[in-house]
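# Per-entry structural report
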Amino acid sequence: MTIHSAVIQKLLSTNAHLGRRVAAHHFKIYTYGARNGVTIIDSDKTLICIRNACHFISNLVRQKGKFLFVNTNPLCDDIVDQMTKRIGCGADSSWRLGGFLTNSGSPKKFRSRNKKLHLGSTQPPDCVVIMDTERKSSVIFEADKLQIPIVGLVNSDMPWDVYKRITYPVPANDSVKFVYLFCNLITKTFLVEQKRFQEVDNKQLSLTKDENREESENLKQTMTSSSKDETPVIPYESLDLTSDDPVETKQLLDKLVVIKLNSALGTKMGFSGPRSATEVCNGLSYLDLIINQIESLNSKHGCNVPLILMNTIRTHDGTLKVVEKYSQKNIDILPLCQNRSHPVSRGRDSEDESVLFDHHELFLSLKNTGTLEALLLQGKEYILVVKYDNLGTLIDSKILNHLIQNRIQYCTELSEMAQMPGKNVRQDSVAPQPLLCLYIISIFKLDFLWEMFPLRLAIILYVILLTVLPSFGHGWMNLKVVKRLVETDGKNVENYPLSKSFDRAIDVNVPHSRFQPMMSTSDLFLFQSDLYSYGDSLIRNSARTNSLNPCIELGPEFEKLSDFQSRFKSIPSIIELDSLKVMGDVWFGTGITLKGKVTIIAKPGVKLEIPDGVVIENKEISDPSDI
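Under the annotation held in an unreviewed UniProt entry, the protein chain carries the name UTP--glucose-1-phosphate uridylyltransferase and is attributed to Rhododendron griersonianum. In its Catalytic activity (unreviewed entry) section, UniProt records this for the protein chain: "alpha-D-glucose 1-phosphate + UTP + H(+) = UDP-alpha-D-glucose + diphosphate".

Structure below.
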């Protein structure tokens, strides 16, 4: 019998796999299903979560962190007391008083004659370990307010509002036997680290402080110099074609996982839920399109490419409601939520969340939920991280094949260069102007800077795009390297550019068709027009001869989704359109055709209606007589 089998058998003997009769939707990632009305918890995932929790505890012990162990089950009091005595942690019972960390409860409520008031440490702990999370949700809420990591046992019926605050959840039945096993593992983790402390203390250090300082400076110089190294850019056309053998294609795709960073809300467009749930065309949302793409790929090649939706606290609930209708699809969908201890970056708009999702947070969320280990056990080798609502084709087997054949650890897709929408810039300008710069301008409200310094701003934004900020294109990462980084090189991952954390990194200059972001109603105008149609993926109309899309600039009157829909009886035909600028109180009829460069600006206080069936070509319109 292997060690793994022995440990699983030990877990089964404690009834850790027996959950409640009801399994919450967010808990289904840890379950096998149900039998006789009882939820069956996956013991493999329980074991993975225990390892992650013990690894986190060992790191804190190594840093001499402070722990608080919370238990209200009298059957487990002796177990917890023995554990705290053996590892040398004092038994702090101050948690029995409401507001033990935040003073949110008043001591006057503690009036029983038979109980004593225990005043604990004035400094908050570095970690709270809870044996019975269902009985001590108040502790979880208070620790969450102070951003204190929580290790806790969770069962299948735990409410989402409580579950999402636990940093390291351990899915299991909190029986006395399992609590004993869990406490025993924590005790051994403490003792191993404490033994290492004694060995270090008894051993004389061979390096002096000066030598240590010199070594640190050398390491810093090495990291600085490596960060300056340029990442090679490979043309997409130079990638080798994939094999036509269906067996090889299936084996190739079975190594891939798609992760959608679902952090953006639709509030900027007047949509209350996640922006990815916004209707794009014919009743299909962005999530519908991405799921249809992956499902079609799975059905065509007989492979299993799962989709992980990495949500934030603000988008998770709305996404769970949307995902329910995909239960019959030929695709595994796993909604996860970011770790509370590493909040997502935000844009200037406080009501909307930007797509600058922290990669360190992504790695931690995959590790803490046991998803990273589970994917590796399934034979997955690469993850494709989609960082915004991109309607272009997601999975490209040519790129995946190149990464596997050349053992590339990290790859970013760079979009083709294109003119900034609505901006008058020479095409032969030396400054690269990717469409992604427009997104930075829209987030940080830099339109006034563009008007003053268009060329200089383009250069600055492009440098920021490639060096300082996380890459905006699709990111391909090797799973084994991700695991190594999050377990051993966490500080480097957090403090240095992501591409510099991988030994073998490349950029691929992909066609513009792979970069089709939907971030505003101006983008929505394009995708709802006759320029595109939808099958298994986005299909561009072959009747358009220009390889670039028209530049669309709709005014603030069209910013909200409801206003956009009401002002267009139908989207005009734009096959021969170069650019469109619409400002003011403008309303469009049906059957309209736009060609060339069209500018429609209504005068203040004037309602400008574009009649049905008109053809507008290379015109500036400000009055009905101009049509």
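Having seen it, we continue.
### A few points about the overall build of the protein chain
Counting its regular elements, the protein chain contains 20 helices and 24 strands. The 627 residues of the protein chain split such that 51% are buried. Considering only contacts in the protein chain between residues 6 or more positions apart, those separated by 24 or more positions represent 66%. Just so you have it, the protein chain exposes about 30,800 Å², and 50% of that area is on carbon and sulfur atoms.

### As for the environment of Lys595
Locating Lys595 in the fold gives a position in strand β22 (residues 593-601). Accessibility expressed as a relative area gives 21% for Lys595, which makes it partly exposed. Linking Lys595 and Asp578, residues 17 residues apart in sequence, is a C-alpha distance of 6.9 Å.

### Details of the pairing of strand β16 (residues 505-509)
Within β16, 4 of the 5 residues are buried, which leaves the element mostly enclosed by the surrounding structure. Here strand β7 (residues 233-235) pairs with β16 via 3 bridges, running parallel. The partner of Ile234 across the bridge, within β16, is Val508.

### Looking at the sheet that holds strand β6 (residues 168-171)
If you walk across this open sheet you meet the 4 strands as β3-β4-β5-β6, and the pairing is parallel. Two strands close off the open sheet at either side, each with one partner strand: β3 (67-70) and β6. Ignoring which end each strand starts from, the neighbouring axes of this sheet average 15 degrees apart. Bridging between β3 and strand β4 (residues 127-130) involves 4 bridges; their strand directions are parallel. Following the sheet pairing, Phe69 is matched in β4 by Val129. Across the sheet, helix α2 (residues 43-62) touches β3, β4, β5 (150-154) and β6, and the angle it forms with β6 is around 145 degrees.

### Details of the nonpolar core
The biggest cluster of nonpolar side chains holds 75 residues, and the ones touching the most others in it are Val280, Ile395, Phe525, Val586, Phe588 and Ile610. Of all the elements, helix α9 (residues 286-301) adds the most residues to this core, at 6 residues. When near neighbours in sequence (up to four residues on either side) are disregarded, Phe525 contacts Ile552, Leu554, Phe564, Phe568, Ile571, Pro572, Ile574 and Leu580. Counting 45 residues, the second-largest nonpolar core is a separate cluster that includes Ile29, Val139, Tyr163 and Ile259.

### Some thoughts on the sheet that holds strand β11 (residues 307-311)
Sheet architecture is open: 8 strands sit in the order β7-β16-β14-β15-β13-β8-β11-β12, paired in mixed fashion. Two strands lie at the open edges of the sheet, namely β7 and β12 (333-337), each paired on one side alone. On average, adjacent strands in this sheet sit at an angle of 25 degrees to one another, irrespective of strand direction. The strands touched by α9 within the sheet are β8 (256-262), β11, β12 and β13 (382-386), with β11 carrying the most contacts at an inclination of about 155 degrees.

### Details of the pattern of salt bridges
All told, the structure shown has 9 salt bridges when counted by the stated rule. A salt bridge links Arg165 to Asp144, with the shortest nitrogen-to-oxygen separation between them at 2.7 Å. In this pair, Arg165 is assigned in the loop between α5 (160-163) and β6 and Asp144 in helix α4 (residues 137-145), connecting sequence segments 21 residues apart. The class for Arg165 is buried, based on a relative accessible area of 16%. In this structure, Glu373 engages Lys483 in a salt bridge whose closest nitrogen and oxygen atoms are separated by 2.9 Å. A residue pair is termed long-range when its members are at least 10 positions apart, and Glu373 in helix α12 (residues 371-377) and Lys483 in helix α17 (residues 479-488) qualify at 110 residues. Classification of Lys483 as partly exposed rests on a relative accessible area of 24%. Within this structure, Asp144, Asp161, Lys164 and Arg165 form a network of salt bridges that share partners.

### Structural notes on the packing of aromatic side chains
The description of an aromatic ring pair uses the distance of the two centres, along with the angle that the planes make with each other. Under the definition given, this model contains 13 aromatic pairs. Consider the rings of Trp160 and Tyr163, whose centres lie 5.9 Å apart with planes at 40 degrees: the pair is tilted. Placement of the pair is Trp160 and Tyr163 together in helix α5, with a separation of 3 residues, close to one helical turn. Overall, Trp160 belongs to the buried group, its relative accessible area being 12%. Looking at Tyr163, the relative accessible area reads 8%, which means it is buried. Ring centres of Phe568 and Phe588 lie 4.6 Å apart, and the angle between their planes is 15 degrees; on these two criteria the pair is classed as stacked. Linking Phe568 in the loop between α20 (561-567) and β20 (577-583) with Phe588 in strand β21 (residues 586-588), this pair joins segments that are 20 residues apart in sequence. Among the aromatic residues, those joined into a cluster by ring pairs are Phe525, Phe558, Phe564, Phe568 and Phe588. In this structure, Arg567 is placed above the aromatic ring of Trp587, and the distance from its NZ or CZ to the ring centre is 4.5 Å. One residue, Lys607, lies across the ring of Trp587, its end atom 4.9 Å from the ring centre.

### Some points on helix α13 (residues 397-405)
In an α-helix, one full turn covers 3.6 residues, which means residues spaced three or four apart are oriented alike. Counting buried positions along α13 gives 7 out of 9 residues, so the element sits mostly inside the fold. Among the residues making up α13, those that are buried are Lys398, Ile399, Leu400, Asn401, His402, Leu403 and Ile404. With its phi angle positive at about 55 degrees, Arg407 sits one or two positions after the end of α13.

### Focus on the confidence of the model for the protein chain
On average, residues of the protein chain carry a pLDDT of 75, and 73% of them reach 70 or more. In this model residues 93-97 is a low-confidence stretch, pLDDT under 50, and it forms 17 contacts with partners more than four residues away in sequence or in other chains. Between residues 222-228, whose pLDDT stays under 50, and residues either more than four places distant or in other chains, the model counts 4 contacts.

### A short note on unusual backbone geometry
Even without glycine at this site, Arg407 takes up a positive phi of about 55 degrees. Summarising the element assignment, Arg407 is placed in the loop between α13 and β14 (410-414).

### Some details on helix α11 (residues 359-368)
Most of α11 sits inside the fold, with 10 of its 10 residues counted as buried. Buried residues of α11: His359, His360, Glu361, Leu362, Phe363, Leu364, Ser365, Leu366, Lys367 and Asn368, and no others. Following α11 by one or two positions, Gly370 has its phi on the positive side, about 80 degrees.

### Some thoughts on the side chain of Lys398
As for its position among the elements, Lys398 is in helix α13. Lacking a salt bridge, the buried Lys398 has Asp396 as its closest oppositely charged neighbour, with an N-O distance of 6.1 Å. Not counting residues within four places of it along the chain, the set of residues in contact with Lys398 comprises Tyr236, Leu239, Asp240, Leu241 and Thr242.

### What to know about the pairing of β8
Here is the key point about a regular strand: its side chains alternate between the two faces of the sheet. Burial runs high along β8: 7 of the 7 residues are buried. Of the two faces of β8, both are covered, the one formed by Leu256, Val258, Lys260 and Asn262 as well as the one formed by Val257, Ile259 and Leu261. Relative to β13, β8 runs parallel, the two being bridged by 5 bridges. Bridging across to β13, Val257 finds its partner in Ile383. Bridge count between β8 and β11: 5 bridges; the pairing is parallel. Each bridged residue has a counterpart across the sheet, and for Lys260 the counterpart in β11 is Leu309.

Cut-offs and rules
- Residues numbered from 1 in each chain as written.
- Predicted model: local features only at pLDDT ≥ 70, side-chain atom pairs only at ≥ 80, totals over all residues.
- Heavy atoms only, no water.
- UniProt positions renumbered as here; feature names shortened; annotations may be inferred.
- Helix = DSSP H or I, 4+ residues; strand = E, 2+ residues; numbered from the N terminus.
- Buried < 20%, exposed > 50% of the residue type's maximum accessible area, 1.4 Å probe, protein only.
- Contact = heavy atoms within 4.5 Å.
- Areas by Shrake-Rupley, 256 points an atom, 1.4 Å probe, with all protein chains shown as cover.
- Pairing = 2+ DSSP bridges.
- Axes fitted to C-alpha atoms, helices over the stretch in contact; angles between N-to-C directions.
- Core = buried A, V, L, I, M, F, W, Y, C linked by side-chain atoms within 4.5 Å.
- Salt bridge = Lys/Arg side-chain N within 4 Å of Asp/Glu carboxyl O.
- Phe/Tyr/Trp six-rings, centres within 6.5 Å; stacked < 30°, edge-to-face > 60°.
- Lys NZ or Arg CZ within 6 Å of the ring centre and 35° of its normal.
- pLDDT = per-residue confidence, 0-100.
- Lys, Arg positive; Asp, Glu negative; His and termini not counted.

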